Structures are given as structure tokens and as C-alpha cells.
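# Examination of the molecular architecture
Residue-level listing of the chains:
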Amino acid sequence: MAKKQNTTTKKKSISKTNWISKYMDYVLEHEKHPKTVYKFTKENKAKEEDFYKHFGSFQALREEIWHQFHQKSIDLLEKSPETANFGSREKLLTFYFTFFEMLSLNRSYVLFVLQEEKDKLKSLAQLKGLRKDIKNFAKTLIQEDNEEKQTKILQKNESIFSEATWVQTMFLLKFWMDDSSAEFEKTDVAIEKSVNTVFDVFDNTPLDRVLDLGKFLYKERMA
């Protein structure tokens, strides 16, 4: 007599990447965040414990999305053979171009989550991890620069530069959000001018770049 086959199939576990995709899709389709992990996992035919294997809360998931934007940009930067001989200025430029291209591919989600809250501080809470990522990346760039300088007087301050890079990132993020130019070409211009200005400031030759950036920002605000 043939044995009865076990027809019960084990549900396939949902990966961290898939949870992120499902969350972003939910936000875009419903124009709001899911209220509870229970309902969100049930709609995706999964158990709460499957979600909690990867994230302790929706807030942790939202922070992870920004971390992924950053990490994928870094991965692309490091995989490119052209960047092997780049200096810190060129690396930061390339990172920003890649990072904002990544954001542009997910523009609807990014605009929604950054503009939904009237209290801007609540919207910015999700960027806590990104701030750490950006500052660590900036410190790495300056460490590479400082190793090439024999005298300390020529070396850049890692803490100040990393904080300046984060402020620069926030400025560029706001600029990109307001940018209505084709393919966000004005954001590309802002990236190049702002990166050059920051490096020139730290190299003690700021005047020309600062004036150039100032003229550009004035023109954009008055346009």
C-alpha cells in the first residue's frame, strides 16, 4: 500500500530585501504607512515572527532603506575600475552622482516619506543611520588624504569634514527634492559646485568656488 504523501508545504521565508520592497510598494499604493506589523505581515501571507527576524520595527525598516541607498552607491563606486585611482574629491563626486541617481529611481517613495510629516524632525528621524554612513564615508576619504600629507598642518580635521559632508548631503537632498529640471541636471551642477567648494574651503582656497556656488544658488532661488 502506497504511503500518503505529505502535501503540507512550508511557507518560504521572506528576505530582508523583499520586506523592503513590499513595504515601499505598500507606502506608494496606499499613500500611507502600514499601522501594525500584524496586519502588514498578514496581507503578505507571512507571520509576524518572519518580519521580526530582520527588523525590530517599521522605523528600523525605514532606516534600513536609506542604508541600502547608501550601501548600493558605495558598492557601485568600489566596483568601478575607474575609481581606483581617484582622489577623495573625485570619489565624493562619484558617490553623490550615484547616490542621487539611486534616489531618482525611487523618487516617489523618497518624496512621500520626507514630505508627509508637518513636523520635519519626524521625517528626518529615518535618516539617523544615513547620517552615520555618510560621516563614516567622509572620514575614510579624509584619512586617505591625510596619509599622503607629511605635515600635520596640511591635514584635514576628520570630525569637521565629516560633519560638513553631512550638512552638504542635506543641502543637496533638499535641492534634489525641489529640482524640476530634466533628468535633474541642476542637481548634478549643484553636486559638482558644492563638492568643489567644500574641498577648496578645506584646502584654504575658497574664494573663487564660494563665489561660484553663491552665484549659482542665487540664480536658482531667483529663477
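Up top is the structure these notes are about.
Residues numbered from 1 in each chain as written. Predicted model: local features only at pLDDT ≥ 70, side-chain atom pairs only at ≥ 80, totals over all residues. Heavy atoms only, no water.

### Looking at the overall build of the chain
When you go through the chain residue by residue, the secondary structure sums to 11 helices and 0 strands. For the chain, the N- to C-terminal ordering of α and β elements is α-α-α-α-α-α-α-α-α-α-α. The proportion of buried residues among the 223 residues of the chain is 39%. Just so you have it, the chain exposes about 14400 Å², and 52% of that area is on carbon and sulfur atoms. (Helix = DSSP H or I, 4+ residues; strand = E, 2+ residues; numbered from the N terminus. Buried < 20%, exposed > 50% of the residue type's maximum accessible area, 1.4 Å probe, protein only. Areas by Shrake-Rupley, 256 points an atom, 1.4 Å probe, with all protein chains shown as cover.)

### Side note on the pattern of salt bridges
Two side chains of opposite charge can pair, provided their charged atoms sit close to one another. Within the structure shown, the criterion is met by 4 salt bridges. A salt bridge links Glu-63 to Lys-128, with the shortest nitrogen-to-oxygen separation between them at 3.9 Å. Placement of Glu-63 in helix 4 (residues 58-79) and of Lys-128 in helix 8 (residues 128-148) is noted, with a sequence separation of 65 residues between them. By relative accessible area, which is 57% here, Lys-128 ends up exposed. Ionic pairing is found between Arg-131 and Glu-163, a salt bridge with its closest N-O pair at 2.8 Å. Taken together, the residues span a long stretch of sequence, with Arg-131 in helix 8 and Glu-163 in helix 9 (residues 158-178) at a distance of 32 residues. Of the residues examined, Arg-131 reaches a relative accessible area of 32% and is grouped as partly exposed. Judged by its relative accessible area of 28%, Glu-163 is partly exposed. Among the charged side chains, a salt-bridge network with shared partners connects Arg-131, Lys-135 and Glu-163. (Salt bridge = Lys/Arg side-chain N within 4 Å of Asp/Glu carboxyl O.)

### Comments concerning the environment of Tyr-26
Position of Tyr-26 relative to the elements: it lies in helix 1 (residues 16-30). For the pair Tyr-26 and Phe-40, spaced 14 residues apart in the sequence, the C-alpha separation amounts to 8.8 Å. The residues touching Tyr-26, leaving out its near neighbours within four places in the chain, are Glu-31, Lys-32, His-33, Pro-34, Phe-40 and Glu-43. (Contact = heavy atoms within 4.5 Å.)

### Looking at the nonpolar core
In terms of nonpolar packing, the biggest core is built from 52 residues, with Trp-66, Phe-69, Phe-95, Phe-100, Leu-103 and Trp-176 touching the most fellow members. Only helix 1, helix 2 (37-43), helix 4, helix 5 (88-105), helix 6 (107-115), helix 8, helix 9 and helix 10 (185-202) provide two or more residues apiece to this core. Top element by residues in this core is helix 5. It accounts for 8 residues. Both of domain 1 (15-56) and domain 2 (65-147 + 154-207) provide at least three residues apiece to this core. Among residues more than four places away in sequence, those in contact with Trp-176 are Phe-100, Leu-103, Ser-104, Arg-107, Val-110, Leu-111, Phe-184 and Thr-187. (Core = buried A, V, L, I, M, F, W, Y, C linked by side-chain atoms within 4.5 Å. Domains from an automatic or database assignment.)

### A closer look at a positive patch on the surface
Taken together, the side chains of Lys-32, Lys-35, Lys-39 and Lys-42 define a basic patch exposed on the protein surface. Tracing the chain through its elements places Lys-32 in the loop between helix 1 and helix 2. (Patch = residues over 30% accessible without salt bridge, like charges linked within 9 Å, V, L, I, M, F, W, Y side chains within 5 Å. Lys, Arg positive; Asp, Glu negative; His and termini not counted. Charge placed at Lys NZ, Arg CZ, Asp CG, Glu CD.)

### Points about a negative patch on the surface
Together, Glu-101, Glu-183, Glu-185, Asp-188 and Glu-192 line one region of the surface with negative charge. Summarising the element assignment, Glu-101 is placed in helix 5. For Glu-101, a relative accessible area of 53% gives the class exposed.

### Points about unusual backbone geometry
Not every positive phi belongs to a glycine, and Lys-45 is a case in point at roughly 55°. Tracing the backbone through its elements, the reader meets Lys-45 in the loop between helix 2 and helix 3 (48-52). A positive phi angle, close to 55°, is found at Glu-183, a residue other than glycine. Its location among the elements puts Glu-183 in the loop between helix 9 and helix 10.

### Observations concerning the packing of helix 4 against helix 5
The relative placement of two packed helices comes down to the angle between their axes together with the axis-to-axis distance. Two elements in contact, helix 4 and helix 5, have axes whose closest approach is 9 Å; the angle formed by their N-to-C orientations is 130°. When the interaxial angle is binned, helix 4 and helix 5 end up oblique. The two elements helix 4 and helix 5 meet at a crossing, and its hand is right-handed. Here Trp-66, Phe-69, His-70, Lys-72, Ser-73, Ile-74, Leu-76 and Leu-77 of helix 4 come into contact with helix 5, specifically with Lys-91, Thr-94, Phe-95, Thr-98, Phe-99, Met-102 and Leu-103. Its residues assigned to classes, the contact of helix 4 with helix 5 comprises 9 nonpolar, 4 polar and 2 charged. (Axes fitted to C-alpha atoms, helices over the stretch in contact; angles between N-to-C directions. Parallel < 35°, antiparallel > 145°, perpendicular 65-115°, else oblique. Left-handed = near helix turned anticlockwise from the far one by under 90°. Nonpolar A, V, L, I, M, F, W, Y, C, P; charged D, E, K, R; others polar.)

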